[in-house]
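# A closer look at the structure
Okay, here's what each chain looks like letter by letter:
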Amino acid sequence: MDYFDFAIDLMKKMVSIPSNSQDEKDIASFLDTLFHEMGLITHLHQVRENSYNVIAKLQGQGAPRRKLLLGGHMDTVKPDKGWADNPLIAREEEGRYYGLGCGDMKGGLAAQITVLKKLLDEGVPFQGEIEIVCLCDEERHSIGAIEYVNWTQEHQEQIADFGIFAEPHYDHIVVGATGKALFRIEVIGSTCHGATPENGINAVSCMAKLIQAVDERYGSLYKQKKGASHCVLQIESPWEGYSLSVPDRCSCLLNKQLDSGETAADLMTDLMDLYQQTVGEGRIKISREIPYYPSYAVDLKNKDLELLVQTAGRVGGFVPSLRINQSVSDGNILNKELGIPVVLFGPQGVNFHKAEEYVVAETIRNYMCILEEYIKHFFKKENS
């Protein structure tokens, strides 16, 4: 069997199954069936409505001693309107496979699944356990990762020693990430006739001053590489249509990435202080919304991480750099809640979250070789 061809065919099948966030039931069922056919112990778990997780296990010889976690997320963002062809039909052009999710991250999942199939077909012995998780909703609120944490704790499952999620990072390995907090900020002013605005407190104007102050403070730190990024996502007032009254309510949603050691509570205090310093009138309420991701970083001296870098150099012919990601993933949650040192490493994806997303075919082949060799060494006695 040509396992590279198997991986490409599997990726194409996965791309053909719509799996927008909150609608992963069909692809979860497809993968659950595939894992059954491969001989894995599998669990299809409904998280919420049409969102499902799939958890599959490959048991080695003897009692589990070391445990390796593989996988990632099944969901995709909604297809951008700029696609020239059907985004659910993966097409090959000059060594690239274009299609929704090819890069982020169905190509990576297909590669990992194929490596497990090859190990099973060849009867490669190992002592331990490999678990592959296919999670829902990563592109939205990561309810799949949160449910996996709950499931693992409720069933008293062995915690993995190391995790590799096949996100589209190839020439580098993501060994940590900023966190992310979403805040709802509400300004309460006081209304009056719009012809005499000095008799009231315009909540919209107050919010505008605050947003400007936020942009100046956090934006300046980000440009100097002294702080994580932020983005105002929405601003609204309950005033609808035309009314010659000063609006006394205004709210906004603020997304703030979190550096290591930076907490949502600290940021809420900072925002309150910033409001008093720059606005100083009216009242402000701040609440933390879903989702919330803590920042994390894997120990660079972790022996399993060192093995992965060495294997990429020996088998793949390149030494990946180690990076802290500026975006979040399910790895933030699994590291914080279960203590799993999760890294992101998969075939090279390009244009993800945009039209004409693609994965580089040769990196799928090379990635599979690296991962297969890594798994064989991961369970060796000298690495335990």
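As the structure is a prediction and not an experimental result, all values here were calculated from the model.

## Section: empty space enclosed by the protein
Tallied over the entire structure, the rule returns one cavity of 30 Å³ or more. In this model, the largest cavity occupies a volume close to 30 Å³. What lines the largest cavity is I185, M207, L210, I211, V214, V232, C252 and L254. Secondary-structure elements contributing two or more residues to the lining of the largest cavity are α5 (203-223) and β11 (249-258).

## Description of the sheet that holds strand β16 (residues 349-350)
The antiparallel open sheet is built from four strands, whose spatial order is β4-β5-β17-β16. In this open sheet, the two strands that pair with only one neighbour each are β4 (91-93) and β16. The sheet contact formed by β16 and strand β17 (residues 358-360) spans two bridges and is antiparallel. Its bridge partner being in β17, G349 is matched across the sheet by V359.

## A closer look at the environment of K226
By secondary structure assignment, the location of K226 is in the loop between α5 and β10 (230-236). Each C-alpha atom, one on K226 and one on D259, is 9.2 Å from the other, the two residues being 33 residues apart in sequence. Residues within four places of K226 in sequence aside, it is in contact with L221 and D259. A distance of 3.2 Å separates polar atoms of two side chains, one belonging to K226 and the other to Q224.

## Description of the pattern of salt bridges
Enumeration over the complete set of coordinates arrives at 20 salt bridges. Salt-bridge contacts for D85 lead to R91; the nearest nitrogen and oxygen are separated by 3.5 Å. With its nearest N and O atoms 2.7 Å apart, the salt bridge here joins R91 to E356. You can see R91 sitting in strand β4 and its partner E356 sitting in the loop between β16 and β17, a full 265 residues away along the chain. With a relative accessible area of 18%, E356 lands in the buried category. When salt bridges with common partners are traced through the structure, they connect K57, K67, E129, E131 and E157 into a single cluster.

## Here's the deal with the layout of surface pockets
Looking at the largest pocket, its volume works out to about 390 Å³. Together, 18 residues line the largest pocket, and E138, E139, S327, V328 and H353 are the ones closest to its centre. Here the residues of the lining of the largest pocket are counted per class, giving five nonpolar, seven polar and six charged. In this model, the second largest pocket occupies a volume close to 270 Å³. Around the second largest pocket, the lining comprises 15 residues; the ones closest to its centre are I146, R288, Y292, I333 and E337. Its residues assigned to classes, the lining of the second largest pocket shows eight nonpolar, three polar and four charged.

## Some remarks on the pairing of strand β1 (residues 41-48)
In the sheet, β1 pairs with strand β2 (residues 51-59) via seven bridges, with the strands oriented antiparallel. Paired with H43 across the strands is I55, a residue of β2. Adjacent in sequence and paired antiparallel, β1 and β2 are bridged by two residues, among which E49 carries a positive phi angle near 50 degrees.

## Comments concerning the nonpolar core
Membership of the largest hydrophobic core comes to 69 residues, with the highest contact counts inside it found for F35, I164 and I375. Excluding residues within four positions of it along the chain, I375 makes contact with L68, L70, V115, L116, L119 and I130. Counting 24 residues, the second largest nonpolar core, distinct from the first, contains C206, I211, A213 and A264.

Rules and cut-offs
Residues numbered from 1 in each chain as written. Predicted model: local features only at pLDDT ≥ 70, side-chain atom pairs only at ≥ 80, totals over all residues. Heavy atoms only, no water. 1 Å grid on protein atoms, 1.4 Å probe; cavity = no way out; pocket = protein on both sides within 12 Å on 5 of 7 lines; lining within 4 Å. Points joined across faces, edges and corners; volume = space filled by probe spheres on them. Helix = DSSP H or I, 4+ residues; strand = E, 2+ residues; numbered from the N terminus. Pairing = 2+ DSSP bridges. Contact = heavy atoms within 4.5 Å. Polar contact = N/O pair within 3.5 Å; in protein donor to acceptor, adjacent residues only side chain to side chain. Salt bridge = Lys/Arg side-chain N within 4 Å of Asp/Glu carboxyl O. Buried < 20%, exposed > 50% of the residue type's maximum accessible area, 1.4 Å probe, protein only. Nonpolar A, V, L, I, M, F, W, Y, C, P; charged D, E, K, R; others polar. Core = buried A, V, L, I, M, F, W, Y, C linked by side-chain atoms within 4.5 Å.

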